[in-house]
Amino acid sequence: MTALITRDELAAAIEAGSVTVVDALGGEYYAQQHLPGAVALVRADVDRLAPALLPDRDAAIVTYCSNPACPNSGQVADRLVALGYTDVRKYREGIEDWTGAGLPVETA
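Residues numbered from 1 in each chain as written. Predicted model: local features only at pLDDT ≥ 70, side-chain atom pairs only at ≥ 80, totals over all residues. Heavy atoms only, no water.

1. Some points on the pairing of strand β5 (residues 87-91)
How we decide: DSSP-based pairing: two strands are paired if at least 2 bridges between them are found. Numbering of helices and strands runs from the N terminus; a helix is a DSSP stretch of H or I covering at least four residues, while a strand is a stretch of E covering at least two.
Bridge count between strand β1 (residues 3-4) and β5: two bridges; the pairing is parallel. Each bridged residue has a counterpart across the sheet, and for Leu4 the counterpart in β5 is Lys90. The sheet contact formed by strand β4 (residues 60-64) and β5 spans five bridges and is parallel. Within the sheet, the bridge partner assigned to Tyr64 lies in β5 and is Tyr91.

2. Quick notes on the nonpolar core
Formally: Here the nonpolar core consists of buried residues drawn from Ala, Val, Leu, Ile, Met, Phe, Trp, Tyr and Cys, with membership extended through side-chain atoms lying within 4.5 Å. Categorising residues by exposure relies on relative accessible area from a 1.4 Å probe, with only protein chains included: less than 20% of the type maximum marks a residue as buried, more than 50% marks it as exposed, and the intermediate range marks it as partly exposed. Note on definitions: a residue-residue contact is assigned when non-hydrogen atoms from the two residues lie within 4.5 Å.
Counting residues in hydrophobic clusters, the biggest one holds 14 residues, and the most contacted among them are Leu10, Val19, Val21, Leu35, Tyr64 and Tyr91. For this core, the elements supplying multiple residues, two or more each, are α1 (7-16), β4 and α5 (94-100). Broken down by element, the residue count for this core peaks at three residues, all from β4. Setting aside anything within four residues of it in sequence, one finds Leu10 in contact with Ile5, Val19, Val21, Leu35, Val62, Tyr91 and Trp98. One finds Val22, Ala50, Leu54 and Ile61 within the second-largest nonpolar core, a separate group that totals twelve residues.

3. With respect to the environment of Ala108
Among the structural elements, Ala108 can be located in the segment after α5. C-alpha of Ala108 to C-alpha of Val46: the two residues are 62 residues apart in sequence and 20 Å apart in space. Once residues lying within four places of it in the same chain are set aside, the contact partners of Ala108 are Tyr30, Ala31 and His34.

4. Quick word on the sheet that holds β4
Taken in spatial order, the five strands line up as β1-β5-β4-β2-β3 in an open sheet, and their pairing is parallel. Where the open sheet ends on each side, the last strands, each with one partner, are β1 and β3 (39-40).

Given below as structure tokens:
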């Protein structure tokens, strides 16, 4: 089970530049809106793209998807851990919670 991070903790980490945020929705969802600085990485592409997108296996990484019912962020997080990433957390509440709190997003 991947450790969780709260909205406030994630917002502070993004502000400090101390985390890499991974959007596990990808595609059109990522293009429409994503958390600031997020990189798109869906489960099917983790093995192939993670080494280039996330070269530091000890860096702080947070995955997210749309909401607690969405399994994507957990699947990506679990695969990253299996590949040897050591500091992976999941923002379970997802982008719906983030935007609901009025926090900024980016578009592709």
